[in-house]
Amino acid sequence: MKRPNNTTTRWLFLAALLLIGQWALAQRTISGTVTDAQTGEALIGANIVVPGTTTGTSTDFDGNYSFTLPEGATEIEASYTGYATQRLTVGASNIINISLSAGEVLDEVVVIGYGSVKKSDATGSVNAVSDEKFNRGAIVSPDQLITGKVAGVQISKNSGEPGGGVSIRVRGGTPVNAGNEPLYVIDGVPIDNAGNPGSRNPLNFINPSDIETFTVLKDASATAIYGSRGANGVIIITTKKGKAGTPGRLTYDGYYTTSKVAGDLDILDAEAFRNVVTFVAPNRLENLGTSNTSWFDETTQTATGHNHTLSFTGGAENIGYRASVGYQNLNGVVRSSQAERINYSLGYNHTFLDGDLNVNLNLKGALNNNIFDPGIGATWSFDPTQAVYNPANTLFGGYFEYNAGLAPRNPVSAIEQIQNTGRSFRTLSNMEFEYKFNKLVPGLSAKLNLGYDANN
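Residues numbered from 1 in each chain as written. Predicted model: local features only at pLDDT ≥ 70, side-chain atom pairs only at ≥ 80, totals over all residues. Heavy atoms only, no water.

1. Re the overall build of the chain
A count of helices and strands for the chain gives 5 helices and 23 strands. Within the chain, the proportion of its 456 residues that are buried is 38%. Long-range pairs, those at least 24 residues apart, make up 61% of the contacts in the chain between residues at least 6 apart in sequence. For the chain, the accessible surface area stands at approximately 25300 Å², while carbon and sulfur atoms represent 54% of it. (Helix = DSSP H or I, 4+ residues; strand = E, 2+ residues; numbered from the N terminus. Buried < 20%, exposed > 50% of the residue type's maximum accessible area, 1.4 Å probe, protein only. Contact = heavy atoms within 4.5 Å. Areas by Shrake-Rupley, 256 points an atom, 1.4 Å probe, with all protein chains shown as cover.)

Set out below in structure tokens:
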């Protein structure tokens, strides 16, 4: 066999180098840092994409990004909420640092019954609170996101139980037992806010991490839209959605909490109680016990709780999607009281016909398991000289009890022997279709919203 000469070998080697070079140029890794043009601070979660495609990435906690540039791509686009979008031409360098400037201040948009309008164009009394202005911290229920944020709206807790119910009053009406609760509208679907015996709060089936905005309608415009149900005001809740053309992003949000009763109660201990009985009713000393029991310590605890939310958000051309799952488990400072929630949320939006037809699909649900406080009012009045248990008292299951009709009940016995539990599963879904007749009549649109709310 004839061996190739040195010239042929060199040409083959050069051809291989050219092919490798072309491949390397076609598949380049672009990296860099995205910062604020004014302060120089790194921007976390800024989107870097190839225009017209879904290829791209997001910046990390240090503002850094890196992704493979597809063959034929010559530009990249950087965007961040509140900043002007910037498009850059990719040159010879593989390191492209980007500085974004603050974008144009847009008119605030508020959600009303028939859609959304500029806040300056709203005719009624409307207050909107967005995600950037929500209260921060260990948020248990959605109402805590806007506590103290909206003038004329009073939010007060009905109890200290985990996930306890609240009373919300819009502009005035404050009777304790009257039906003055506002109407809740979630993603365009009015829900029954009467609650049910299995749940403490009608809003507990929504994960606060899934909420994007609260809008409060305060005046007669709410009644004009929703009828008599809106007479006490309307609270419109919109949940987070994916945005078209953004790369997928996985987000985790969680917290761990501890809580305890602040301070001690000023009640008599066993020794002080014996002194009072000796002074007031010495003939009843034989009814006292020999123990030194703190019923407050026996019925309360340092409570712990934790919450976890995992969400995935992204989009393609004309498509946005978001999915999330969450788990919450909170213990109360009263022994045995507990609130547990397992929830999910799915959202999908798609634009057709050059943006004239918008389709939004939402599905959310939650399983709530609650253990209710059985009532421990006797903690403050029960005889501190008695022991918690009396094995000889088989009539009351081995607990000390007074065998008298009007006597208070042993509070520890109430906690451990009364099982007061609730279980509820709620699903809320809707399909919204909106068609804009801009080609015929600018500003005219038709909307169809089909909703489903099931509460078991």
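2. Details of unusual backbone geometry
Excluding glycine, residues mostly have negative phi values, and the peptide bonds linking residues are mostly trans. For aspartate 187, which is not a glycine, the phi torsion comes out positive at approximately 50 degrees. If you trace the backbone, aspartate 187 turns up in the loop between strand E13 (183-186) and strand E14 (189-191). Positive phi is not limited to glycine here, since aspartate 354 has a value of about 55 degrees. Take aspartate 354: it is sitting in the loop between strand E20 (338-352) and strand E21 (357-371).

3. Brief notes about the pattern of salt bridges
A full pass over the atoms with the stated rule returns 12 salt bridges. Glutamate 416 is the partner of arginine 335 in a salt bridge, and the nearest nitrogen-oxygen pair spans 2.7 Å. Within this pair, whereas arginine 335 is found in the loop between strand E19 (319-331) and E20, its partner glutamate 416 is found in helix H5 (residues 411-417), the two being separated by 81 residues in sequence. Overall, glutamate 416 belongs to the partly exposed group, its relative accessible area being 32%. Where lysine 447 meets glutamate 432, a salt bridge forms, and the shortest distance between an N and an O atom there is 4.0 Å. Here lysine 447, found in strand E23 (residues 445-455), pairs with glutamate 432, found in strand E22 (residues 421-436); they are 15 residues apart in sequence, far enough to count as distant. Because the salt bridges share partners, they merge into one network encompassing Glu75, Glu77 and Arg87. (Salt bridge = Lys/Arg side-chain N within 4 Å of Asp/Glu carboxyl O.)

4. A few points about the packing of aromatic side chains
Tallied over the full model, the rule gives 11 aromatic pairs. With 5.8 Å between their ring centres and 75 degrees between their planes, phenylalanine 134 and phenylalanine 214 make a pair best called edge-to-face. Of this pair, phenylalanine 134 sits in the loop between strand E10 (126-130) and strand E11 (153-157) while phenylalanine 214 sits in strand E15 (residues 211-217), and the two are 80 residues apart along the sequence. Here phenylalanine 134 falls in the buried class, since its relative accessible area comes to 4%. Take phenylalanine 214: its relative accessible area is 2%, and that puts it in the buried class. Between the aromatic rings of phenylalanine 312 and tyrosine 321, the centroid separation amounts to 6.0 Å while the plane-to-plane angle is 25 degrees, which identifies the pairing as stacked. (Phe/Tyr/Trp six-rings, centres within 6.5 Å; stacked < 30°, edge-to-face > 60°.)

5. Focus on the sheet that holds E10
An order of E10-E15-E16-E13-E14 is seen for the 5 strands of this open sheet, with the pairing classed as mixed. Single-partner strands in this sheet number two, and they are E10 and E14. Averaged over all pairs of adjacent strands, the angle between strand axes in this sheet comes to 20 degrees, irrespective of strand direction. Inspection of the sheet shows E15 paired to strand E16 (residues 234-239) by 6 bridges, in the antiparallel sense. The partner of threonine 213 across the bridge, within E16, is threonine 238. (Pairing = 2+ DSSP bridges. Axes fitted to C-alpha atoms, helices over the stretch in contact; angles between N-to-C directions.)

6. Comments concerning the sheet that holds strand E6 (residues 86-89)
Within the open sheet, the 4 strands sit side by side as E3-E2-E5-E6. Their pairing is antiparallel. The open sheet has two edge strands with one neighbour each: strand E3 (56-58) and E6. If you compare each strand with its neighbour and ignore which way they point, the axes differ by 15 degrees on average. As judged from the 3 bridges shared by strand E2 (residues 47-49) and E3, these two strands associate in the antiparallel manner. Looking at the pairing, isoleucine 48 lines up with threonine 57 of E3.

7. What to know about the confidence of the model for the chain
Per-residue confidence for the chain gives a mean pLDDT of 83, with 86% of residues at or over 70. Within the chain, the element-level pLDDT minimum falls on strand E9 (residues 115-118), averaging 53, and the maximum on E19, averaging 95. Overall, residues 20-25 carries pLDDT values under 50, and its contacts beyond four positions in sequence, including any with other chains, amount to 0 contacts. For residues 174-178, every residue scores under 50 in pLDDT, and the model assigns this stretch 7 contacts once sequence neighbours within four places are set aside. (pLDDT = per-residue confidence, 0-100.)

8. Looking at the side chain of asparagine 358
Within the secondary structure, asparagine 358 sits in strand E21. In terms of polar contacts, asparagine 358 uses its side chain to reach the side chain of threonine 351, at 3.3 Å. (Polar contact = N/O pair within 3.5 Å; in protein donor to acceptor, adjacent residues only side chain to side chain.)

9. Brief notes about a nonpolar patch on the surface
A surface patch of nonpolar side chains, about 500 Å² in accessible area, is lined by Leu250, Tyr252, Leu310, Phe312 and Val325. At the level of secondary structure, the elements contributing two or more residues to the nonpolar patch comprise strand E17 (249-259) and strand E18 (303-316). Relative to the elements of secondary structure, tyrosine 252 occurs in strand E17. (Patch = residues over 30% accessible without salt bridge, like charges linked within 9 Å, V, L, I, M, F, W, Y side chains within 5 Å.)

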